[in-house]
Amino acid sequence: MSVAATACAPPPPPLSWAYQIRVAASQGHFRDAVSLFLRMRASAAPRSSVPASLPAALKSCAALGLRALGASLHGLAIRSGAFADRFTANALLNFYCKLPDTYLHPSGVISVDGTGSPTALESVRKVFDEMPERDVVSWNTLVLRCAEEGRHQEVLGLVRKMWRDGFRPDSFTLSSVLPIFAECADIKRGMEAHGFAIRNGIDSDVFVGSSLIYMYANCTRTDYSVKVFDNLPVRDPILWNSVLAGCAQNGSVVEALGIFRQMLQSGVRPVPVTFSSLIPVCGNLASLRFGKQLHAYVIQSGFEDNAFISSSLIDMYCKCGEISISRRVFDRMPSPDIVSWTAMIMGYALHGPAREALVLFERMESGNVKPNHITFLAVLTACSHAGMVDKGRKYFNSMSDQYGIVPTLEHCAAFADILGRVGELDEAYNFISKMQIKPTASVWSTLLRACRVHKNTSLAEDVAKKIMELEPRSIGSHVVLSNVYSVSGRWTEAARLRKSMRNKGMKKDPACSWIEVRSKLHVFVAHDRSHPWYDRIIDALNVFSEQMAHQGYVPNTEDVFQDIEEEQKRYVLCGHSEKLAIVFGIISTPPGTTVRVMKNLRVCIDCHTVTKFISKLAEREIVVRDANRFHHFKDGNCSCRDFW
């Protein structure tokens, strides 16, 4: 029914005014409901029609954003005595919750301009306090408003008072309270709420179930999230995506992918948020196979044009070492947003083609897409990995000069890294010392790593001291300084520092590399004999070593930070985890297959050299992602141009 139609129709019988207004509002015809209410007020309708129609009229005002009219209806409710009706009072509570810019003064005067007025919650609270009769809906409305404003302690106090006043919390109450426990990661109280839900038979409610899944996931207990999900009698798409996202955000990839398969088998159609949860997981684990499968589902589901999913795919392929596929996804986007541009620029920054990253950045600028702080971090990373000091300085300065973006600690660390990588250690030190933001240990650590690369022991000692003052138990700074001493031949200082670490209970993370072959993840640590193919890997590595020696390879023992004989150092190098993973990849896959290896630490100089040789000898492309960047080895060359 339209407004025009109701205007031309003859006036309804007096007794049907309230009925028609309620029907129009219940069917979502809010304009018709308001129009009918105004016509009723202009007619000679009996006064009894007002209380019966006010709840529907207030609901319509809230839905249409009619602040002034809703505020006047509040006055009408008070004058007519309709406020004593709890349905009308609840409708007023809902109105103030949905239109927080409409305020009720303590004096009872209603304002819609918000100037000098109390908060929306105070308006809701005033209505609630003045209600002569309340029900669970009244309490839930106030609880929800408090939760939305982040007043967590007040929410919990209200729920306790609600219980004391004889009102039993229901599914709506719990689904308002559980997100608070999720945000605070308060699993103890969350489990108490779960127990209450079970005892009162509301644990199977879809909203309570969804809130429990979210709460347990935020408390890193995805096993409980899955149990809650498994016990729900009815599972709608929201529940499927809730448990899937919970597993994904906690790194439970196997469970997340298993739930995705169950979801498809159950006939539940994936929605954009499904892929937005799963695709980043494949990127973080560099699981290209699963990533490609998800991409196929995206195409089948018709979500190729979804900008958020496309951005996730770009990021995933970049993290899996497929920068060319990332670019194809990017080029197919009709209107890339800032997230897509940034993901592609960062992809190039991490893979080596820094100039391509900067060209893309300039294209983005010319296309009137304004860069944000993450975009600049990507640009500075590109400059760092290519040793572009002048470009880096230019972009760093343009952040504030041209775009009004205040550099964060991450930007300052990136610029310090640019200076440190090219050996401008003194300038990097002065830059960090004069930062407007107090430098953290992580910022100083970028310079400490540069000191190790450029063998500046005295500056390394000074920088390490600053780091240890900020973070006394910083394992990284202890390890790097120890390595600096070792490289300089100061074995006594290195040994003393490592002993100090042992006495403090500090342990260095062991170097670890992994590779996925035929859907199975194979993990290697240095000289790990536990792998069933270990003997075959060593035999193949020895063959490669002989061939490399004929082509002029000489082991670089610079990164062996132990005071041992040269021959022993060569033995240590042979067992490095990335070498084992790379050789395993070559002997376990068909000729021509690209080998993709991930490492948790920086690739050492000797392993980098060996991988270049092996890529040529085996006629393979080898992609290695270390803690800093990607290295693409092919025909004896690396994409980093030996600068990393």
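Residues numbered from 1 in each chain as written. Predicted model: local features only at pLDDT ≥ 70, side-chain atom pairs only at ≥ 80, totals over all residues. Heavy atoms only, no water.

Draft legend 1. Main features of the overall build of the chain. Looking only at helices and strands, one finds 33 helices and eight strands in the chain. The C-alpha atoms of the chain give 32 Å as radius of gyration, which overshoots the globular expectation for 644 residues (26 Å, by more than 25%). Structurally, the chain occupies a C-alpha span of about 105 × 55 × 55 Å along its principal axes. The burial tally for the chain puts 49% of its 644 residues in the buried class. Put simply, of all contacts in the chain between residues at least 6 apart along the chain, 62% involve residues at least 24 apart. (Helix = DSSP H or I, 4+ residues; strand = E, 2+ residues; numbered from the N terminus. Rg over C-alpha atoms; globule rule 2.2 N^0.38 Å. Buried < 20%, exposed > 50% of the residue type's maximum accessible area, 1.4 Å probe, protein only. Contact = heavy atoms within 4.5 Å.)

Draft legend 2. Region of interest: the sheet that holds strand β4 (residues 520-525). Here six strands make up an open sheet; going across it, the order is β4-β3-β5-β6-β7-β8 and the pairing mixed. Edge positions in the sheet fall to β4 and β8 (637-638), since each of these pairs with one other strand and no more. (Pairing = 2+ DSSP bridges.)

Draft legend 3. Quick peek at the layout of surface pockets. Of the volumes computed, that of the second largest pocket is approximately 550 Å³. Along its surface, the second largest pocket is lined by 27 residues, and Leu288, Glu516, Thr593, Thr594 and Arg596 are the ones closest to its centre. Contributing elements (two or more residues each) for the lining of the second largest pocket: α17 (288-301), α19 (323-332), β3 (512-517) and β5 (595-599). In terms of residue count, the dominant contributor to the lining of the second largest pocket is β3 (four residues). (1 Å grid on protein atoms, 1.4 Å probe; cavity = no way out; pocket = protein on both sides within 12 Å on 5 of 7 lines; lining within 4 Å. Points joined across faces, edges and corners; volume = space filled by probe spheres on them.)

Draft legend 4. Representation of the confidence of the model for the chain. Counting all residues, the mean pLDDT for the chain is 87, and 92% of those residues have values of 70 or more. Segment residues 1-6 is flagged for pLDDT under 50; beyond a separation of four residues in sequence, or across chains, it makes nine contacts in the model. For the stretch residues 113-117, pLDDT sits under 50, and the model shows six contacts to residues farther than four places along the chain or on other chains. (pLDDT = per-residue confidence, 0-100.)

Draft legend 5. Structural context of the packing of aromatic side chains. The final tally for this structure, using the stated rule, is 20 aromatic pairs. Here the aromatic rings of tyrosine 429 and tryptophan 444 are separated by 5.5 Å at their centres, their planes lie at 55°, and the arrangement is tilted. Linking tyrosine 429 in helix α25 (residues 425-433) with tryptophan 444 in helix α26 (residues 441-453), this pair joins segments that are 15 residues apart in sequence. Note on tryptophan 533 and phenylalanine 584: the rings are 5.3 Å apart at their centroids and 80° apart in plane angle, and the pair reads as edge-to-face. Of this pair, tryptophan 533 sits in the loop between β4 and α30 (534-550) while phenylalanine 584 sits in helix α32 (residues 577-587), and the two are 51 residues apart along the sequence. Taking NZ or CZ as reference, arginine 289 lies 5.3 Å from the ring centre of phenylalanine 290, over its face. Over the face of the ring belonging to tryptophan 533 we find arginine 536, whose NZ or CZ atom lies 3.9 Å from the ring centre. (Phe/Tyr/Trp six-rings, centres within 6.5 Å; stacked < 30°, edge-to-face > 60°. Lys NZ or Arg CZ within 6 Å of the ring centre and 35° of its normal.)

Draft legend 6. Main features of the pairing of strand β7 (residues 630-634). Counting buried positions along β7 gives four out of five residues, so the element sits mostly inside the fold. Two elements, strand β6 (residues 622-625) and β7, share four bridges in a ladder whose sense is antiparallel. Note on β7: the bridge partner recorded for arginine 625 is phenylalanine 630. In this antiparallel pair of consecutive strands, β6 and β7, the connection spans four residues. Where β7 meets β8, two bridges bridge the pair, whose relative direction is antiparallel. Among the inter-strand pairings, lysine 634 is bridged to a residue of β8, identified as asparagine 637. Adjacent in sequence and paired antiparallel, β7 and β8 are bridged by two residues, among which aspartate 635 carries a positive phi angle near 55°.

Draft legend 7. Here's a closer look at the packing of helix α12 (residues 206-218) against helix α13 (residues 222-231). Here α12 crosses α13 at 165°, and the two axes come no closer than 7 Å. What the angle tells us is that α12 and α13 run roughly antiparallel. At the point where α12 passes α13, the crossing takes the left-handed sense. Residue-level contacts link Gly209, Leu212, Ile213, Tyr216 and Ala217 of α12 to Thr222, Tyr224, Ser225, Val228 and Phe229 of α13. (Axes fitted to C-alpha atoms, helices over the stretch in contact; angles between N-to-C directions. Parallel < 35°, antiparallel > 145°, perpendicular 65-115°, else oblique. Left-handed = near helix turned anticlockwise from the far one by under 90°.)

Draft legend 8. Broad picture of the UniProt feature "repeat: PPR" (unreviewed entry) in the chain. As annotated in UniProt, the feature "repeat: PPR" (unreviewed entry) corresponds to residues 135-169, 236-270 and 337-371 in the numbering used here. The span residues 337-371 is 77% helix and 0% strand, and its two end C-alpha atoms sit 10 Å from each other. (UniProt positions renumbered as here; feature names shortened; annotations may be inferred.)

Draft legend 9. Spotlight on a positive patch on the surface. Together, Arg355, Lys391, Lys394 and Arg641 make up a positively charged patch on the protein surface. Topologically, arginine 355 is positioned in helix α21 (residues 354-366). Residue classification places arginine 355 among the exposed residues on the basis of a relative accessible area of 63%. (Patch = residues over 30% accessible without salt bridge, like charges linked within 9 Å, V, L, I, M, F, W, Y side chains within 5 Å. Areas by Shrake-Rupley, 256 points an atom, 1.4 Å probe, with all protein chains shown as cover. Salt bridge = Lys/Arg side-chain N within 4 Å of Asp/Glu carboxyl O. Lys, Arg positive; Asp, Glu negative; His and termini not counted. Charge placed at Lys NZ, Arg CZ, Asp CG, Glu CD.)

Draft legend 10. Here's a closer look at the pattern of salt bridges. Taken as a whole and assessed by the stated rule, the structure comprises 25 salt bridges. Two residues, glutamate 149 and arginine 145, come together in a salt bridge whose shortest N-O distance is 3.3 Å. For arginine 145, a relative accessible area of 10% corresponds to the buried category. Its salt-bridge partner being glutamate 149, residue arginine 151 comes within 3.9 Å of it at the nearest N-O pair.

Draft legend 11. Broad picture of the state of the cysteines. Within the structure shown, the criterion is met by zero disulfides. As a non-bridged cysteine, cysteine 184 has cysteine 219 as the owner of its nearest cysteine sulfur, 9.2 Å distant. This cysteine, cysteine 412, is not joined by any disulfide, and cysteine 383 carries the nearest cysteine sulfur, 15 Å off. (Disulfide = S-S within 2.5 Å.)

Draft legend 12. Main features of α21. When the terminal C-alpha atoms of α21 are compared, their 19 Å separation across 13 residues agrees well with the 18 Å that a helix rising 1.5 Å per residue should span. Those residues of α21 that sit buried are Ala354, Ala357, Leu358, Leu360, Phe361 and Met364. Taken around the axis of α21, the buried residues stretch over an arc of 160°, which confines them to a single face. The outward face of α21, more than 90 degrees from its buried face, is lined by the exposed residues Arg355 and Ser366. On its buried side, α21 packs onto α19, α20 (338-351), α22 (373-386) and α23 (389-403). The positive-phi residue at the C-terminal boundary of α21 is asparagine 368, with phi of around 60°. (Expected span 1.5 Å × (residues − 1). Arc of directions from axis to C-beta.)

Draft legend 13. Fine view of unusual backbone geometry. One non-glycine residue, histidine 527, lies in the positive phi region at around 55°. Examined against the element boundaries, histidine 527 turns out to sit in the loop between β4 and α30. By relative accessible area, which is 25% here, histidine 527 ends up partly exposed. Within the chain, aspartate 642 stands out as a residue other than glycine whose phi angle is a positive 60°. Topologically, aspartate 642 is positioned in the segment after β8.

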